[in-house]
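Single-letter residue listing:
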Amino acid sequence: MAEKIVMFNRLVEQERIWRRIISSYKRNRVASAYLFYGPAGTGKEGYAIKFATLLNCQKGDAEPCGDCLSCKKFYSLQHPNLTLIVPLPKDKDITKNDSVVKALSDKNLKLLTELMGKKGRNPYSKINLPRANRILINSIRDLRKTIFLKMIESGRKVILIFDAHKLSSQQGEAGNALLKILEEPPEDTTFILTTDFPDQLPETIRSRCQSLYFPPLPDQVLTEYFQEVHQKTENEALLISHLSQGNIRTGLNLITKDMNEIFELLESLIDWVSEESESGWRRFLVNGSSLYRSNPQEFAFQLQLMSYWFRDAMFLAKLNGKAQLILTDRKEKLAEYITRFPNAKYPEIIDQLETCVDSLSRNYNLNLVLMNLLLDIQNLLHGRLRNYA
Ligand SMILES: [Zn+2]
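The structure presented is a predicted model; accordingly, all values stated were derived computationally and were not measured.

A.B. asks: Outline the overall build of the protein chain, supporting the account with residue identities and numerical values.
C.D. replies: For the protein chain, the count of helices and strands is 17 helices and five strands. In terms of overall size, the protein chain behaves like a compact globule, its C-alpha atoms giving a radius of gyration of 22 Å where 389 residues would be expected to give roughly 21 Å. With 389 residues in all, the protein chain has 51% of them scored as buried. Intrachain contacts of the protein chain at a sequence separation of at least 6 include 71% that bridge at least 24 residues. When the accessible surface of the protein chain is summed, it comes to about 19100 Å², and 48% of that surface belongs to carbon and sulfur atoms.

A.B. asks: Lay out helix 2 (residues 15–26) with the relevant residues and their values.
C.D. replies: Between its first and last C-alpha, helix 2 extends 16 Å over 12 residues, near the 16 Å set by a 1.5 Å rise per residue. As for helix 2, its buried residues are in contact with strand 1 (33–37), helix 3 (44–56) and strand 5 (210–213). Just downstream of helix 2 lies Asn28, where phi reads positive at about 60°.

A.B. asks: Provide a residue-level description of the sheet that holds strand 1, including the pertinent values.
C.D. replies: Taken in spatial order, the five strands line up as 2-3-4-1-5 in an open sheet, and their pairing is parallel. One side of each edge strand has no neighbouring strand; the edge strands of this open sheet are strand 2 (82–85) and strand 5. Across the sheet, the mean angle separating the axes of adjacent strands is 15° when strand polarity is ignored. As judged from the five bridges shared by strand 1 and strand 4 (residues 189–195), these two strands associate in the parallel manner. Counted as the bridge partner of Phe36 is Thr194 from strand 4.

A.B. asks: How would you sum up the layout of surface pockets? Please name residues and give values.
C.D. replies: Estimated volume of the second largest pocket: approximately 760 Å³. As for the second largest pocket, its lining consists of 31 residues, and the residues nearest its centre are Leu82, Thr83, Leu84, Ile85 and Met116. Counting residues per element, the ones that place at least two in the lining of the second largest pocket are strand 2, helix 5 (106–121), helix 6 (137–147) and strand 3 (157–161). A per-class count over the lining of the second largest pocket returns 19 nonpolar, eight polar and four charged.

A.B. asks: So, helix 9 (residues 219–228): which residues are in play, and what are the values?
C.D. replies: What sets the pattern is the α-helix's 3.6 residues per turn: residues three or four places apart point alike. Looking at helix 9, one finds that the buried residues are Leu222, Thr223, Tyr225 and Phe226. End-on view of helix 9: buried residues confined to an arc of 165°, all on one side of the axis. For helix 9, the exposed residues lying more than 90 degrees away from the buried face are Gln220 and Glu228. Looking at the buried residues of helix 9, the elements they touch are helix 10 (234–244) and helix 11 (248–254).

A.B. asks: Talk me through the pattern of salt bridges; I want residue IDs and the actual numbers.
C.D. replies: Counted under the stated rule, the structure contains 17 salt bridges. Glu45 serves as the salt-bridge partner of Lys119, at 2.4 Å between the closest nitrogen and oxygen. On the criterion of sequence distance, the pair formed by Lys119 in helix 5 and Glu45 in helix 3 is long-range, its members being 74 residues apart. Judged by relative accessible area, Glu45 falls into the buried class, the value being 6%. Through salt bridges with shared partners, a single network forms among Glu45, Lys119, Lys126 and Asp163.

The rules behind these values
Residues numbered from 1 in each chain as written. Predicted model: local features only at pLDDT ≥ 70, side-chain atom pairs only at ≥ 80, totals over all residues. Heavy atoms only, no water. Helix = DSSP H or I, 4+ residues; strand = E, 2+ residues; numbered from the N terminus. Rg over C-alpha atoms; globule rule 2.2 N^0.38 Å. Buried < 20%, exposed > 50% of the residue type's maximum accessible area, 1.4 Å probe, protein only. Contact = heavy atoms within 4.5 Å. Areas by Shrake-Rupley, 256 points an atom, 1.4 Å probe, with all protein chains shown as cover. Expected span 1.5 Å × (residues − 1). Pairing = 2+ DSSP bridges. Axes fitted to C-alpha atoms, helices over the stretch in contact; angles between N-to-C directions. 1 Å grid on protein atoms, 1.4 Å probe; cavity = no way out; pocket = protein on both sides within 12 Å on 5 of 7 lines; lining within 4 Å. Points joined across faces, edges and corners; volume = space filled by probe spheres on them. Nonpolar A, V, L, I, M, F, W, Y, C, P; charged D, E, K, R; others polar. Arc of directions from axis to C-beta. Salt bridge = Lys/Arg side-chain N within 4 Å of Asp/Glu carboxyl O.

In structure tokens form, the structure reads like this:
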């Protein structure tokens, strides 16, 4: 029971989606494949686990009971009916027939086990190993070896594939192999793919899935969550949810931090990219490339913070101060900033930041992506559209 409290009470309600899931479940119309998509930090993976748990619960009705043996095994992601596939690094060379775990160094194998344990306790934690840029073809081959076997336990086999857009990395061979299985899925089996970037998945895979969109979480819901689950004061919770912009993982990252430090960091980042000096640029590139290698999510968070700055600058410049800002504390600095760059093309800058996050998720050359971002921001701040010819 303790586990039930930990796992699902920490899952913020996505009521409309859960209602749809339950209704197909109750009508015995569970699909053979689902795609849970939508922006980061909206609970796609947590709900995929919850649904998988319900499909195997011995007592559950509209919710997994959390009490039966099956539920308990699911919470620790250790149920024999569950296969979890995530992007992995290729630390070692392996052959076609090797199990995917052979590709991992001992260190990463240990880390993977730890991260899976953490995921069971906190649905919003990510299972992300360093340099895990793609879903390895061997993960799908491993799946193929077991998926057609008879089940040991009753219930339904569930295959969770997180960050499914990474099936398309390299030549997309993992995606092709998966497609063959999806074309003729075994009985009593459900696939749940989750992704922040559905456009990167081949249409052939998407069309085989029932798609469910997870919208950003409303501010008010997040505020309550940070107050109740993380014992934040109302003011703290308000600021955190406001900065989270519907992404609970951003919020969970923020609650561990000193807000002043965050604002200082943001100002440094903005200084670096706005300066016309090489030293600022170099700092931005060094910060970006080393941080991205050690903690890609943290880097994505920094880019997100920067986009808030430019968004606020845009509204402040256009609406003359009547806009509702995200960075309310920094209004004066923002006002100063917009006078420095009267011709800035803010919407295009925001676009470039988003493109950058997307490019990084596609595993493009990191230094090149950052260099391009920097050049684009520089040009756009001065009102110049870059010539791509
Ligand atoms: Zn149960």
